[in-house]
Amino acid sequence: MVSTKKTKKTHESINNRLALVMKSGKYTLGYKTVLKTLRNSSGTDCLYVNCICTASSAKLVIISNNCPPLRKSEIEYYAMLAKIGVHHYSGNNVDLGTACGKYFRVGCLSVINPGDSDIIKSMAPSA
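Residues numbered from 1 in each chain as written. Predicted model: local features only at pLDDT ≥ 70, side-chain atom pairs only at ≥ 80, totals over all residues. Heavy atoms only, no water.

J.: Could you clarify how one ought to interpret the nonpolar core in this entry?
T.: As a rule of thumb, soluble globular proteins bury nonpolar side chains together. Among the nonpolar cores identified, the biggest contains 15 residues, and Leu18, Ile62, Leu96, Leu109 and Ile119 are the most heavily contacted of them. Contributions of two or more residues to this core are made by helix 1 (2-24), strand 2 (60-63), helix 4 (93-99), strand 4 (108-113) and helix 5 (119-123). Among the elements that line this core, the one with the most residues is helix 1, at 4 residues. Ignoring anything within four residues of it in the chain, the contact list for Leu109 reads Leu18, Met22, Thr28, Leu29, Val34, Leu60, Val61, Ile62, Leu96 and Cys100. Counting residues in each nonpolar core, the second largest holds 12 residues, with Leu38, Cys67, Ala82 and Cys108 among its members. (Core = buried A, V, L, I, M, F, W, Y, C linked by side-chain atoms within 4.5 Å. Buried < 20%, exposed > 50% of the residue type's maximum accessible area, 1.4 Å probe, protein only. Helix = DSSP H or I, 4+ residues; strand = E, 2+ residues; numbered from the N terminus. Contact = heavy atoms within 4.5 Å.)

J.: Honestly, the layout of surface pockets in this entry has me stumped. Any pointers?
T.: Empty pockets left among the atoms are what a rolling probe the size of a water molecule brings to light. Within this model, the second largest pocket holds a volume of roughly 160 Å³. Taken together, Lys26, Ser56, Ser57, Lys59, Ile112 and Asn113 make up the lining of the second largest pocket. (1 Å grid on protein atoms, 1.4 Å probe; cavity = no way out; pocket = protein on both sides within 12 Å on 5 of 7 lines; lining within 4 Å. Points joined across faces, edges and corners; volume = space filled by probe spheres on them.)

As structure tokens, this is what we get:
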């Protein structure tokens, strides 16, 4: 009973943080754009002093639980190379789309700029 209440609370917390990212941050939805942002991510910020980078780089990737295994492993591999965190969303792609405030399914998304949300700090593994 306690564990279900705790998982429900964390699930709602993730949904609230995700809604704040959708409102105030930058993100991309979908497999192809997630791969593009992961390829643009080098794990570090730009080294040039007066550089205005137009390439979007991901800070966090969220994958639904019913994403195909090959697709999921490819995203995880690119994220591991770029040293970017991956969060496995506990709901399916319909639930993830609803959490994003969209009326369509979302299999995966990448957070480029969290805006006012603290989603990246909260999803970071505690080690």
